[in-house]
Amino acid sequence: MQTVPSPRSDGISRRYLFVGAIYGLWALISAALGIPALIYLLFPPKARKAEEWVEVGDITRLVPNTPVEMTFRKNRVDGWKVTSEKSTAWVVKDASNRVTAFGPQCTHLGCAYHWDDAKSEFLCPCHNSLFRADGKVVSGPAPRPLDRYEIKVNGTRLLIGRLNQGGEKKS
Amino acid sequence: MKARWRGINEWLDHRTGIHTAVNKFLYEEIPASSGWHQVFGSVAVFLFLVQAFTGALLAFNYAPTPGDAYNSLRYILTELTGGKLIRGLHHWGASMMIVVVVLHMVQVFLYGAYKKPREATWIVGVVLLLVTLAYGLTGYLLPWDNRAYWGTVVTTQIAAQAPVLGPYLTRLLGGEGAVGVVTFARFYGLHVLLLPPATLLLIGLHVFLVRKHGVAPAPGDDALPKKPFYPVQVFKDTVAIFVAFAVLLTLAIVARVPLEQLADPTDTSYIPRPEWYFLFLFQTLKLFNGPLEVIGSVVLPGVAVLTLILVPFLDRTAMVKVTRRTVAIAVVLLAAIGWSGLTAAAVMSTPKEKSVLEIDYSAPTDWLQLSPQEMAGIGYFRHENCISCHVIGGRGTPVGPDLTKTAIHKDAAWMIAHFKRPSAMRPGSSMPPIQLNDSQLNALASFLLKLNEGNATALDNAPDFAVEGALVYQQNRCGACHLVNGVGMKIGPPLNGLAKRQSRSWVEEHFAAPDKLSPGSIMPPYKLSPKDLENLTSYLFALPE
């Protein structure tokens, strides 16, 4: 800085220049760090291999309108890991032999529901949500029908794919 | 509006004193001679903050155990958008921080700013330099690749040589026996839990001392009026910070930070190298052999640090102009020459050949899963220069169709017929027929069938040595007896995991005379050219287990 005091108006505009440059440069630095950081944190990881179809079992033995809980092992991509975990599906065949596989959790708060033989309805023990055999809500706090797996039938074997939110797709 | 804002400010200041404190900090008076040469301290603090920020971001997706560290880092690099950039910033930021801290010290040293009453400021500064180096040392292990592992093996063994303290240091670093889970946990704990708050405290103390004694004046400053820190010096600091950041960002974008293969404690052929800023120590160590080694590894560095701490007490002369401090200038020059010489010697003695055959795991490596036939297909694709008319993975010239999009709709028979007479299958095609035999065309087709938009870039990354190695494998029909990635026959042993079972030299000799090394083997001898032998062996050694 000069030791000789410059004329007042000149000094003020010089000062504005410095202050403006300080704010401007810091804004650039913050943006160059902040934007990649947000992208890094918010963008989903690049999709790995499309989810495989998992075989769950034989559907010939299903009795119409009587759901059966079937257990299978599924690979789940969890960050940098692929974990093989046990999973279940409630599989039901309707009167016209159409098969549906429901996700095992109640759509209210995620409790495990079960099939109540006496009432012929799915009952969630947590808050008493009731669902029909086709997944529709009968009563209780559940906000939407049961979640459904994408399914493929290969001869007599049932294959299960992704789990879709109930009421999202009509099938 | 303005009045209201001032009201809020006053209210806040009354309760917290923040406004007064900031003003006191900004309008601190500094000597008239202050200027561009004093920006390095601010830049170092800025870089520390960048390290803390990018370090925290990395930690959000990083699992600090030897079992998971490598995989989670690969996940950051290959699957998260911006992951490479964040790691690049952290990696190069570490190097830049050391550069800037050293520049800061050199400036203070040249100007003699450590003189009475600023001795304590200098000593805290030396401790901060050591802390910066400690970050480099502990952070080096965290990727848990071969480089990290073997580098740390050497470090912990050097620590063990320290007179008297050696065994205790080893135990503290968890390096007793071998570098393993305990060492890893200790290094991680130091790197993220202990060092950062220590750094903050030390920076706080350092800045407090600078403010307490004031910025060191140059001779002649007494006669001149002081000036405020803000805005002119803050502007200069900001410009310097901006330049440093621009360099850092460019490095992070342009310069590749490699990730080697997962740490392999049984890999006896690995030659560890420290980070560039430790190379001079590494080279110094080579000058001392046998019982004298401890001089190079512990005594000399210890004496150097002690001398650095004692600088203000060794030089107690009065302050003179920087241009007249000839001894200081000579010391800096000598140190620079010594450092550069040792570093250059270390760089020149680094074996070069191996790096060509290294795989960069910081990029997707889907090609490792391909069968040898498909890998050979990549080779024909490259040899026939298909890329001059086709696009794969966003690379190439779009004269013909983008093969990542069209190849999946055809089958092998169609493709082979098309390769032989392009216009017969696709009338009007200007593609020339490919002059390869059926088995070669088959390999090319099998590669194209594997290609999709998700893996195109990853397959494009396949290193030349592996592709050429697979061509040698394919041409010699090794698959007629051996299994690779689940493809081939099981007459001979499967070749995945060969690197674990045999040494490189054994495999290379085995090609020439199989029955000599494994008696009773029905494998015929193969006379391969040295280049083919190298590529094939490297390819087989790169295969996943």
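Residues numbered from 1 in each chain as written. Chains lettered and ligands numbered in written order. Predicted model: local features only at pLDDT ≥ 70, side-chain atom pairs only at ≥ 80, totals over all residues.

Novice: For this particular structure, what's the right way to read the overall build of chain B?
Specialist: On a plain count of helices and strands, chain B comes out with 25 helices and 6 strands. Computed over C-alpha atoms, the radius of gyration of chain B comes to 30 Å, more than 25% over the 24 Å expected from 2.2 N^0.38 for 545 residues, which places it beyond the range of a compact globule. Seen through its principal axes, chain B has C-alpha atoms that stretch 90 × 70 × 45 Å. The buried share of chain B, taken over its 545 residues, is 32%. Once local pairs closer than 6 in sequence are excluded, the contacts in chain B between residues at least 24 apart make up 75%. (Helix = DSSP H or I, 4+ residues; strand = E, 2+ residues; numbered from the N terminus. Rg over C-alpha atoms; globule rule 2.2 N^0.38 Å. Buried ≥ 20, exposed ≤ 12 C-beta atoms within 10 Å, placed from the backbone. Contact = placed C-beta atoms within 7 Å.)

Novice: How should the overall build of chain A be read in this particular structure?
Specialist: The number of helices and strands found in chain A is 1 helix and 10 strands. Counting from the amino terminus, helix and strand elements in chain A follow one another as α-β-β-β-β-β-β-β-β-β-β. Within chain A, buried positions represent 19% of all 171 residues. A separation of at least 24 residues holds for 40% of the contacts in chain A among residues at least 6 apart in sequence.

Novice: Is there a simple way to think about the domain arrangement of chain A in this case?
Specialist: You'll often see interface size given as the accessible area lost when the parts meet. As assigned here, chain A comprises domain 1 (1-43) and domain 2 (54-164). Each of domain 1 of chain A and domain 2 of chain A has a C-alpha centre, and the two are 59 Å apart. (Domains from an automatic or database assignment.)

Novice: Explain the nonpolar core to me, please; I cannot follow it from the model alone.
Specialist: Soluble globular proteins tend to bury their nonpolar side chains together. Judged by nonpolar contacts, the single largest core of 98 residues is most densely connected at Val43, Leu47, Met97, Val100, Met375, Leu444 and Ala466 of chain B. A per-element tally of this core places helix H5 (residues 83-111) of chain B first, with 13 residues. Split by domain, the residues of this core number at least three in each of domain 2 (31-273) and domain 3 (366-542) of chain B. One finds Val56, Ala89, Tyr113 and Leu146 of chain A within the second-largest nonpolar core, a separate group that totals 19 residues. (Core = buried A, V, L, I, M, F, W, Y, C linked by C-beta atoms within 7 Å.)

Novice: When you look at the environment of Ala345 of chain B in this model, what are you seeing that I'm missing?
Specialist: Here Ala345 of chain B lies in helix H13 (residues 326-348). Along the sequence, Ala345 of chain B and Ile309 of chain B sit 36 residues apart, while their C-alpha atoms lie 28 Å from each other.

Novice: In this structure, what is going on with the interface of chain A and chain B? I would like to understand it.
Specialist: Counting from both sides, the interface comprises 23 residues of chain A and, opposite them, 28 residues of chain B. Within the side of chain A that touches chain B, the residues separate by chemical class into 19 nonpolar, 2 polar and 2 charged. (Nonpolar A, V, L, I, M, F, W, Y, C, P; charged D, E, K, R; others polar.)

Novice: Would you mind showing me how to read helix H9 (residues 181-213) of chain B here?
Specialist: Because an α-helix packs 3.6 residues into every turn, residues spaced three or four apart end up facing the same way. Residues and elements named next belong to chain B. The terminal C-alpha atoms of H9 lie 46 Å apart, and with 33 residues this matches the ideal 48 Å at 1.5 Å per residue to within 8%. Maximum bend of H9: about 40°, positioned at Leu195, with proline Pro196 one to four residues after it. Buried within H9 are the following residues: Thr183, Phe184, Phe187, His191, Val192, Thr199 and His206. Where H9 is buried, its residues touch helix H3 (40-59), helix H6 (119-139) and helix H7 (146-161). The first or second residue beyond H9 is Gly214, which carries a positive phi of 80°. (Expected span 1.5 Å × (residues − 1). Bend = angle between axes of the 7 residues up to and from the residue.)

Novice: In this structure, what is going on with the domain arrangement of chain B? I would like to understand it.
Specialist: Examined at the domain level, chain B breaks down into domain 1 (1-26), domain 2 (31-273) and domain 3 (366-542). One C-alpha centre belongs to domain 1 of chain B, the other to domain 2 of chain B; they are set 35 Å apart.

Novice: I tried to follow the pairing of strand E4 (residues 99-102) of chain A on my own but got confused; where do I start?
Specialist: The side chains of a regular strand alternate, first on one face of the sheet and then on the other. All names here are of chain A. In terms of strand pairing, strand E3 (residues 81-93) meets E4 through 4 bridges, oriented antiparallel. The partner of Val92 across the bridge, within E4, is Thr100. With antiparallel pairing between neighbouring strands as the criterion, E3 and E4 make up a hairpin whose turn holds 5 residues, including Asn97 at a positive phi of roughly 65°. (Pairing = 2+ DSSP bridges.)

Novice: Teacher, can you tell me more about the packing of helix H1 (residues 2-16) of chain B against helix H2 (residues 18-26) of chain B here?
Specialist: Relative orientation and spacing of two packed helices are given, respectively, by the angle between their axes and the distance between those axes. All names here are of chain B. Interaxial distance between H1 and H2 falls to 6 Å at its minimum, and their mutual angle equals 90°. Classified by the angle their axes make, H1 and H2 are roughly perpendicular. Taken together, the residues of H2 that come into contact with H1 (itself represented by Asn9, Leu12, Asp13 and Thr16) are Ile18, His19 and Thr20. Of the residues contributing to the contact of H1 with H2, the split by class is 2 nonpolar, 4 polar and 1 charged. (Axes fitted to C-alpha atoms, helices over the stretch in contact; angles between N-to-C directions. Parallel < 35°, antiparallel > 145°, perpendicular 65-115°, else oblique.)

Novice: Can you walk me through the sheet that holds strand E7 (residues 130-131) of chain A in this structure?
Specialist: As a general point, the strands of a sheet are linked pairwise by backbone hydrogen bonds and lie either parallel or antiparallel. Residues and elements named next belong to chain A. Strand order in this open sheet of 4 strands is E5-E6-E7-E8, and the pairing throughout is antiparallel. This sheet does not close on itself; its edge strands, each paired only once, are strand E5 (114-116) and strand E8 (137-139). Summarising the sheet, E5 and strand E6 (residues 121-123) pair through 3 bridges and their orientation is antiparallel. Looking at the pairing, Trp115 lines up with Phe122 of E6.

Novice: Please clarify how the pairing of strand E2 (residues 68-78) of chain A should be interpreted in this entry.
Specialist: All names here are of chain A. Direction of pairing for E2 relative to E3: antiparallel, over a ladder of 11 bridges. Paired with Glu69 across the strands is Trp90, a residue of E3. Linking E2 to E3, which pair antiparallel, is a turn of 2 residues; within it Gly79 sits at a positive phi near 60°.

Novice: Looking at this structure, how should I read the environment of Thr317 of chain B?
Specialist: With respect to the secondary-structure elements, Thr317 of chain B resides in the loop between helix H12 (293-314) and H13. Considered as a pair, Thr317 of chain B and Ala335 of chain B are 18 residues apart in the sequence and their alpha carbons are 21 Å apart.

Novice: I would appreciate a short explanation of unusual backbone geometry in the present structure.
Specialist: Apart from glycine, the bulk of residues carry a negative phi angle, and the bulk of peptide bonds sit in the trans form. The residue after Lys116 of chain B, namely Pro117 of chain B, is reached through a cis peptide bond having omega 5°. Mapped onto the elements, Pro117 of chain B comes out in the loop between H5 and H6. Residue Pro231 of chain B is reached from Tyr230 of chain B by a cis peptide bond, and omega for that bond is 0°. Phi at Asn97 of chain A is positive, roughly 65°, even though this residue is not glycine. One can find Asn97 of chain A in the loop between E3 and E4. Positioned with a positive phi, Asn128 of chain A is a non-glycine residue whose angle comes to about 60°. Among the secondary structure elements, Asn128 of chain A is positioned in the loop between E6 and E7.

Novice: Is there a simple way to think about the environment of Pro372 of chain B in this case?
Specialist: Residues and elements named next belong to chain B. Residue placement: Pro372 occurs in helix H15 (residues 372-383). What makes Pro372 buried here is the crowd of 25 C-beta atoms within 10 Å. The spatial distance from the C-alpha of Pro372 to the C-alpha of Leu483 is 9.5 Å, given a sequence separation of 111 residues. With residues up to four places along the chain from it excluded, the contact list for Pro372 reads Ala470, Tyr473, Gln474, Gly479 and Val484.

Novice: In this structure, what is going on with the confidence of the model for chain B? I would like to understand it.
Specialist: Low-pLDDT portions of the prediction should not be read for the details of their coordinates. All names here are of chain B. Per-residue pLDDT for chain B averages 90, and the proportion of residues at 70 or more is 98%. The weakest mean pLDDT in chain B belongs to helix H14 (residues 353-356) at 51; the strongest belongs to H3 at 98. The ipTM, which scores confidence in the relative placement of chains, is 0.81 for this predicted complex, and the corresponding pTM is 0.81. (pLDDT = per-residue confidence, 0-100.)

Novice: Is there a simple way to think about H15 of chain B in this case?
Specialist: Residue and element names in this part refer to chain B. Between its first and last C-alpha atoms H15 spans 16 Å; for 12 residues at 1.5 Å apiece the expected length is 16 Å, and the two agree. Within the sequence span of H15, burial applies to Pro372, Gln373, Glu374, Met375, Ala376, Gly377, Ile378, Gly379, Tyr380 and Phe381. Buried residues along H15 sit against helix H19 (438-450), helix H20 (456-460), helix H21 (464-475), strand E5 (483-484) and strand E6 (487-488). Once H15 finishes, Asn385 follows within two positions and takes phi at roughly 55°, a positive value.

Novice: Is there a simple way to think about the packing of helix H17 (residues 412-420) of chain B against H19 of chain B in this case?
Specialist: Residue and element names in this part refer to chain B. In contact at an axis separation of 9 Å, H17 and H19 are set at 125° when each is read in the N-to-C sense. Taken together, the axis directions place H17 and H19 in an arrangement best described as oblique. Between H17 and H19 lies a crossing whose hand is right-handed. The residues of H19 that touch H17, namely those facing Ala412, Met415, Ile416 and Phe419, are Leu441, Asn442, Leu444, Ala445, Ser446, Leu448 and Leu449. Here the residues of the contact of H17 with H19 are counted per class, giving 9 nonpolar, 2 polar and no charged. (Left-handed = near helix turned anticlockwise from the far one by under 90°.)

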